[in-house]
Amino acid sequence: MRSILLAAVALLLALPRAARCQQLPPSPPLGRAPPPPLPAVQEDLGARLQNLTNGLTDQLQKKYSFCMIDAKTDLNQTFNFSSDLSFASDCMEQTTGDMLAMLCNRAEVELYIKSLTSSSSSSSITPRVSSNCNRSTWATGCQPGWACMTLSGASSSDEVIPPRAAKCRPCCPGFFCPHGLTCMMPCPLGAYCPLGTLNTTTGLCDPYFYQVTPGPNPECGTADSWADIVTTNDVFCPPGHYCPSTTQKHNCSNGYYCRKGSTDEKKCFWKNTCKDNAIKEDLTLYGLIFIGILIFILLLVYNCSGLFITIQVKMKSRARKRAAKKANKSAAARERWKLGKELVLRHEVELPESFRTPQQSDRAMKKNNDKLTFSGVVSLATENRPQRPMLEVAFRGLTLSIGKKKLLQCVTGKLSPGRVTAIMGPSGAGKTTFLNAVLGKTSGYKKNGIVLINGIPESMQSYKKIIGFVPQDDIVHGNLTVEENLWFSSCCRLSKGTSRSDKLRVLERVIESLGLQEIRNSLVGTVEKRGISGGQRKRVNVGTEMVMEPSLLILDEPTTGLDSASSQLLLKALRHEALEGVNVCAVIHQPSYTLFNMFDDFVLLARGGIIAYHGPVSEVEVYFAGLGIKVPDRENPPDYFIDILEGIVKTTIRGNATPKHLPLLWMLHNGYEVPDDFQKDLENINTIRELYTVRSISEQSSEEQTENTDSVHLNARQSNKLLERKTPGVFAQYGYYLGRVAKQRRRESAQQAVDYLILCIAGICIGTIARVRDDSFGVASYGYAIMAVSLLCQLAALRSFSPEKLQYWRERESGMSSLAYFLARDTIDHFNTAVKPIIFLSTFYFFNNPRSTLRDNYLVLLALIYCVTGIGYAFSIWFELGLAQLSSAIAPVVLVLVGTKQDLPRVIKELCYPKWALEAFIIAGAKEYSGVWLITRCGALLQGGYDIKDFNLCITIIMLYGVLFRLVAYFSLLKLK
């Protein structure tokens, strides 16, 4: 408080000291009546005061720039009496021209400052006493509201207190005279300093709060002090009135309102909201009406948003169907054209010259009537259609281990294109680990062996854009329809140059093959809102990978939870993909006999990740029969073999082998190198020669194998560009993500409505309970507002990433852009960032009606919500949902307490965003306090360590905090596992 008064009073009282230096006409002799005041005298006084203000501007701007944006403007708002100098001319008349001789000099001003600062720094009030006053016997002029003239011949130095004992009288209206100083100072604009009236009941001088000193002349003067509003309140123009000058007070008119310290009336937005002597505009009724309308709109959105979205989805689906039908017609026309070309090339019909293009003529001449093989006919039929690259995956001696534990051991074999491979085995045999090893997801494992891609040792990560992986869990977006899930995947993962019509054809083909026509417009559903069935969800999960036309499709338990009919429908779709040259590999649990026979190849894993069989499904029973294991009637072969591996079924194996030796027998059967771990078992079994001489059943015939290998290697040489599929770039994916997130947000409109409603309630509570007070500039109210808005908006921001971690992980692993994903979600959230301040202020401002402008409050809340949204992003990525919610609830409270605590180090407080938000709120309000409020403004800013010019700096820092937390959240997203 000491620093407040020191700065404020020094600013104020510099004016009279300077005024004494002006060369004015000498006062008339004592006892001689002064001449009547003339307009010229008023003009001269106004000019001198204006010159004084101009002279002080530079000095004050340097010393008190923290509370003055423009010192000249602030001084004019405080001491510009040019519009009405009647109080000065009246004082000249009342003092018979001695007004200037009664003004305080520098030494008296400093004494006044010292008395104010000492009284604010200690519990006991130290009276201000100049050398002209005696504490025991007060001389005339030492009482409050009185002043005296300097004696003739007194020193004119400002460094000493001059003797004052002549012509003591009550202070002139429009001036205030501190008790114990015997001099007077002008009141600032916005103050009301009339001559006091003695209240015989209380003994006080109304409207002031000092008593008349007993003596021969018990007469009241004017005000005796001007400081901040906490120290003194009686000089401020009372609320409900306005004071155009320091000696005039008028009632506020109907349709206008007047706050404390007003110099004019402010017109109300609605006239009937302001009665006579209104302190502020009463917007409560209109606020309630606005809130009612807002709640009605939110309830309408909450209840009807689903219907609107359903209608929109159906309209878009019909348009997409029409486009797909048109694309199919175009494709059929192209097929007829190709068939015609084939007939011409085989000389069955002749192509007219008018239909033969130069390129077709050249091609026909180059072929020179050669015989066309079946593969040649196929190539001609598909020469205008992009081919899928064939991908053969071979693995040799593949071993994965963690520490001393081996998860896979010496796995050797291959996955061929155009074939559907089933991977089976008992629980814990390493089936999913085998798939991860094939896909190159071996981070954290010790890996031995090699994986060959089309005969070349390369990393599978280089081919992830043409590899589809269907996880065991159904990781799809529950708030999108079936068609929207598939369409988004096709847009982001098909080749960059794929036309929209081709994408639609792929989409329709997948929907048709998976039997999803009837539910294409149905929401997939979430835990809270039921959608399609579990089996249908599983097929959507598979279709998400099929629409990107992969070359290698790996599925982890795709038939789990499906009935027999759904499983067969899914396998038919996978076989259709295999006919296109796709390498399909799936982990299967307990398939039916019919379903098992729909696979081409079969991989049987024993515990420890060792292969017990890897070959065609049609020959698995032949192989095990050669070992002496025959499948009983009405037994499902794969289940029977797994039971043998687990020791559930007892059987006799040739060569005195046991079930645990089946992987070893497979190695011997194929001539694989036996690892050291199996050497002891090799000595214990009595192998027979047939196990070594029988042809490897896991391989095809030499002719078939050669043909298949040649086609794969030829494809590998000719399809390098296809293997490096170029999917849409970051900006294109950003557009697709933007559309998807916008749809999701529309479907979450009910939750958005609840968020807005809670913000409205928070604004009502804070606006009515913790009002913005003039003495503190609303520190408490704005502190609560920062806490409430931060907590509510930070909790809402958790929904941006927490519920979709698994979906993001799947999309990232498939090669989709993390940057596009993050930017799209953040861009859509900017809508809430812009709207939520309006929602909160619509109630907070109506019920509180602070002095600060609506624009400034909106800017602060906009920056605040942007900042806390970034913090919410980081929490949602770092923690699980429950812990993230707890952190988001605690963090704003702690940061507000730390950022607003006065005795903490400044560095710690500046690390807290609430400190900058509160400073911006205080500065926004302080700019609206001028005139008589200048001391209060400077004191409050000085006490808080704020600078009135730092409003834009505060907004910038808060926004930078938001950017920083978004960067942290993004890089955390890249590391998410």
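The rules we used
- Residues numbered from 1 in each chain as written.
- Predicted model: local features only at pLDDT ≥ 70, side-chain atom pairs only at ≥ 80, totals over all residues.
- Heavy atoms only, no water.
- UniProt positions renumbered as here; feature names shortened; annotations may be inferred.
- Helix = DSSP H or I, 4+ residues; strand = E, 2+ residues; numbered from the N terminus.
- Buried < 20%, exposed > 50% of the residue type's maximum accessible area, 1.4 Å probe, protein only.
- Contact = heavy atoms within 4.5 Å.
- Areas by Shrake-Rupley, 256 points an atom, 1.4 Å probe, with all protein chains shown as cover.
- Pairing = 2+ DSSP bridges.
- Phe/Tyr/Trp six-rings, centres within 6.5 Å; stacked < 30°, edge-to-face > 60°.
- Axes fitted to C-alpha atoms, helices over the stretch in contact; angles between N-to-C directions.
- Disulfide = S-S within 2.5 Å.
- Salt bridge = Lys/Arg side-chain N within 4 Å of Asp/Glu carboxyl O.

For the protein chain, the name recorded in an unreviewed UniProt entry is ABC transporter domain-containing protein, with Digitaria exilis as its organism. Under the UniProt heading Sequence similarities (unreviewed entry), the entry covering the protein chain gives this text: "Belongs to the ABC transporter superfamily. ABCG family. Eye pigment precursor importer (TC 3.A.1.204) subfamily." Taken directly from UniProt, the Subcellular location (unreviewed entry) text for the protein chain runs: "Membrane".

Trainee: Break down the overall build of the protein chain for me, with residues and values.
Mentor: When helices and strands are counted, the protein chain shows 32 helices and 20 strands. Residue burial in the protein chain is summarised as follows: out of 977 residues, 52% are buried. Within the protein chain, counting contacts between residues at least 6 apart in sequence, those at least 24 apart form 72% of the total. For the protein chain, the accessible area works out to roughly 45000 Å², and carbon and sulfur atoms hold 56% of it.

Trainee: Outline the side chain of Ser401, supporting the account with residue identities and numerical values.
Mentor: The topology assignment puts Ser401 in strand β11 (residues 393-402). The exposure class assigned to Ser401 is buried, which follows from its relative accessible area of 7%. In this view, Ser401 contacts Lys406, Leu407, Tyr445 and Lys446; residues no more than four positions away in its chain are not counted.

Trainee: For the pairing of strand β12 (residues 405-415), give the residues involved together with the corresponding values.
Mentor: Pairing geometry for β11 and β12, over seven bridges, is antiparallel. Note that in β12 the partner of Leu398 across the bridge is Val411. Linkage of β11 to β12, two consecutive antiparallel strands, is achieved through a turn of two residues, within which Gly403 is found at a positive phi near 65 degrees.

Trainee: Can you tell me about the sheet that holds β11, naming the residues and giving the values?
Mentor: Here we have four strands laid out as an open sheet, ordered β12-β11-β14-β15, and antiparallel in their pairing. Looking at which strands have only one partner, the edges of the open sheet turn out to be β12 and β15 (456-457). With two bridges joining them, strand β14 (residues 446-453) and β15 adopt antiparallel strand pairing. Residue pairing for β15: Leu452 is matched across the bridge by Pro457.

Trainee: So what's going on with the packing of aromatic side chains? Which residues, and what values?
Mentor: By the definition in use, this model includes 30 aromatic pairs. Ring geometry for Tyr782 versus Phe844: centroids 6.2 Å apart, planes at 45 degrees, classification tilted. One end of the pair, Tyr782, is in helix α24 (residues 779-797); the other, Phe844, is in helix α26 (residues 818-848), with 62 residues separating them in the sequence. The pair Tyr782 / Phe844 is uniform in exposure class, with both members buried. Considering the side-chain rings of Phe840 and Phe844, the 5.4 Å spacing of their centres and the 15 degrees angle between planes classify their relative orientation as stacked.

Trainee: So what's going on with the sheet that holds strand β17 (residues 552-556)? Which residues, and what values?
Mentor: In spatial order, the strands read β16-β17-β18-β13-β19-β20; together these six strands make up an open sheet with mixed pairing. Each of the sheet's edge strands pairs with one partner strand only, and the pair in question is β16 (467-470) and β20 (610-616). Direction aside, neighbouring strands of the sheet carry axes that sit 15 degrees apart on average. Pairing of strand β13 (residues 420-424) with strand β19 (residues 601-606) involves four bridges; the strand directions are parallel. Paired with Ile423 across the bridge in β19 is Val603. In this fold helix α12 (residues 534-546) packs onto β16 and β17, with an angle of close to 170 degrees to the strand it touches most, β16.

Trainee: Explain the state of the cysteines to me, and be specific about the residues and the numbers.
Mentor: This model, assessed by the stated rule, comprises eight disulfides. Between the sulfur of Cys148 and that of Cys168 lies a disulfide, 1.8 Å long from S to S. Negative torsions about the S-S bond denote left-handed disulfides, and the value of about 110 degrees found for Cys148 with Cys168 makes this one right-handed. Of the two residues, Cys148 is situated in strand β1 (residues 146-150) and Cys168 in strand β2 (residues 164-170); the sequence distance between them amounts to 20 residues. Across the disulfide from Cys237 sits Cys243; the S-S distance is 2.1 Å. On the sign convention where negative means left-handed, the S-S torsion of about 80 degrees between Cys237 and Cys243 marks this disulfide as right-handed.

Trainee: I'd like a description of unusual backbone geometry, backed by residues and values.
Mentor: Residue Pro207 follows Asp206 across a cis peptide bond; omega there is 5 degrees. Examined against the element boundaries, Pro207 turns out to sit in the loop between β6 (205-206) and β7 (241-242). One non-glycine residue, Glu549, adopts positive backbone phi at about 50 degrees. If you trace the backbone, Glu549 turns up in the loop between α12 and β17. A relative accessible area of 19% means that Glu549 is categorised as buried.

Trainee: Run through the pattern of salt bridges, naming residues and quoting values.
Mentor: Evaluated as defined, the whole model comprises 28 salt bridges. Notably, a salt bridge pairs Lys743 with Glu484, separated by 4.0 Å at the nearest N-O pair. A residue pair is termed long-range when its members are at least 10 positions apart, and Lys743 in helix α22 (residues 730-747) and Glu484 in helix α10 (residues 482-493) qualify at 259 residues. Like Lys743, the residue Glu484 is buried in the burial classification. A salt bridge links Arg855 to Asp856; the nearest nitrogen and oxygen atoms lie 2.9 Å apart. Connected via shared salt-bridge partners are Glu483, Glu508 and Arg520.

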